[in-house]
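# Working through the structure, step by step
These are the residues of each chain, in order.
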Amino acid sequence: MGIKQRLLPYMKAIRNDLDVTTHCSILEGNGIVALERIRSSNVLNLDLGTGSKLPPYATSMGKAIVAFMDIEEQKKIAEQLDFQPLTPKTITEKDLFLAELQKTRLRGYAVADQELTIGLKSTNYRF
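So, a few notes on the structure that sits alongside this text. Every value quoted in this text rests on a predicted model; they were computed, and no experiment measured them.

Cut-off values and rules
- Residues numbered from 1 in each chain as written.
- Predicted model: local features only at pLDDT ≥ 70, side-chain atom pairs only at ≥ 80, totals over all residues.
- Heavy atoms only, no water.
- Buried < 20%, exposed > 50% of the residue type's maximum accessible area, 1.4 Å probe, protein only.
- Helix = DSSP H or I, 4+ residues; strand = E, 2+ residues; numbered from the N terminus.
- Salt bridge = Lys/Arg side-chain N within 4 Å of Asp/Glu carboxyl O.
- Patch = residues over 30% accessible without salt bridge, like charges linked within 9 Å, V, L, I, M, F, W, Y side chains within 5 Å.
- Areas by Shrake-Rupley, 256 points an atom, 1.4 Å probe, with all protein chains shown as cover.
- Phe/Tyr/Trp six-rings, centres within 6.5 Å; stacked < 30°, edge-to-face > 60°.
- Pairing = 2+ DSSP bridges.
- Contact = heavy atoms within 4.5 Å.
- Axes fitted to C-alpha atoms, helices over the stretch in contact; angles between N-to-C directions.

Within helix α2 (residues 60-67), eight of the eight residues are buried, which leaves it mostly tucked inside the rest of the structure. Listing the buried residues of α2 in full gives Ser60, Met61, Gly62, Lys63, Ala64, Ile65, Val66 and Ala67.

Dropping the structure here:
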């Protein structure tokens, strides 16, 4: 059974119970790649399809994936990133990104507040 078939029931349950858009993504190189996405009924939804690649420093899903990696791996990833200011709230420095990863690890979930696009706030848990 493929990963999509195994994930979809859980993703649908979360979307239905909480009415939130659910994602499954992986870290590939210097970006987060969406494997699957199920949209909520909310009016504001980023048009992000399977295979879309986003920077981990500007997304809650990227922060959630990287934050729970080994600290040395986090540093290696941060060294390779080209921090670009996508909005005025985007993290654009390696040290700030690493500090945000530690906050994420401590609280158990990641937050991106208008770092990828203005008007979009997202929260991600690493399962």
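Further notes follow.
What follows deals with the pattern of salt bridges. The full count for this structure, using the stated rule, is seven salt bridges. Each member of the salt-bridge network shares a partner with another, and the members are Glu100, Lys103 and Arg107.

So, about a nonpolar patch on the surface. Taken together, the side chains of Ile14, Leu18 and Val20 make up a nonpolar region of the molecular surface, amounting to roughly 240 Å² of accessible area. For Val20, the position within the fold is in the loop between α1 (3-18) and β1 (22-28). For Val20, a relative accessible area of 33% gives the class partly exposed.

In the structure shown here, the tally under the stated rule is two aromatic pairs. Here the aromatic rings of Tyr57 and Phe83 are separated by 4.8 Å at their centres, their planes lie at 45 degrees, and the arrangement is tilted. Here Tyr57 is found in the loop between β3 (53-54) and α2, whereas its partner Phe83 is found in the loop between α3 (71-80) and α4 (94-107), with 26 residues between them in sequence. The pair formed by Tyr57 and Phe83 is uniform in burial state, with each residue classed as buried. Ring pairing ties together the aromatic residues Tyr57, Phe83 and Phe97, which thus form one cluster.

Attention now moves to the sheet that holds strand β2 (residues 31-38). Here three strands make up an open sheet; going across it, the order is β1-β2-β3 and the pairing antiparallel. Strands with a single pairing partner mark the edges of an open sheet, and in this sheet they are β1 and β3. Sheet topology note: the β2/β3 ladder contains two bridges and is antiparallel. For Val33, the partnering residue across the bridge sits in β3 and is Lys53. Packed onto the sheet, α1 meets β1 and β2 and runs at close to 70 degrees relative to β2. Against the sheet, α2 makes contact with β1, β2 and β3, and its axis sits at roughly 55 degrees relative to β1, the strand it touches most.

Right, let's talk about the side chain of Ser25 for a bit. Secondary-structure assignment places Ser25 in strand β1. Note on Ser25: relative accessible area 16%, which makes it buried. Not counting residues up to four positions away in its chain, the partners in contact with Ser25 are Ile32, Val33, Ala34, Leu35, Met61 and Ile65.

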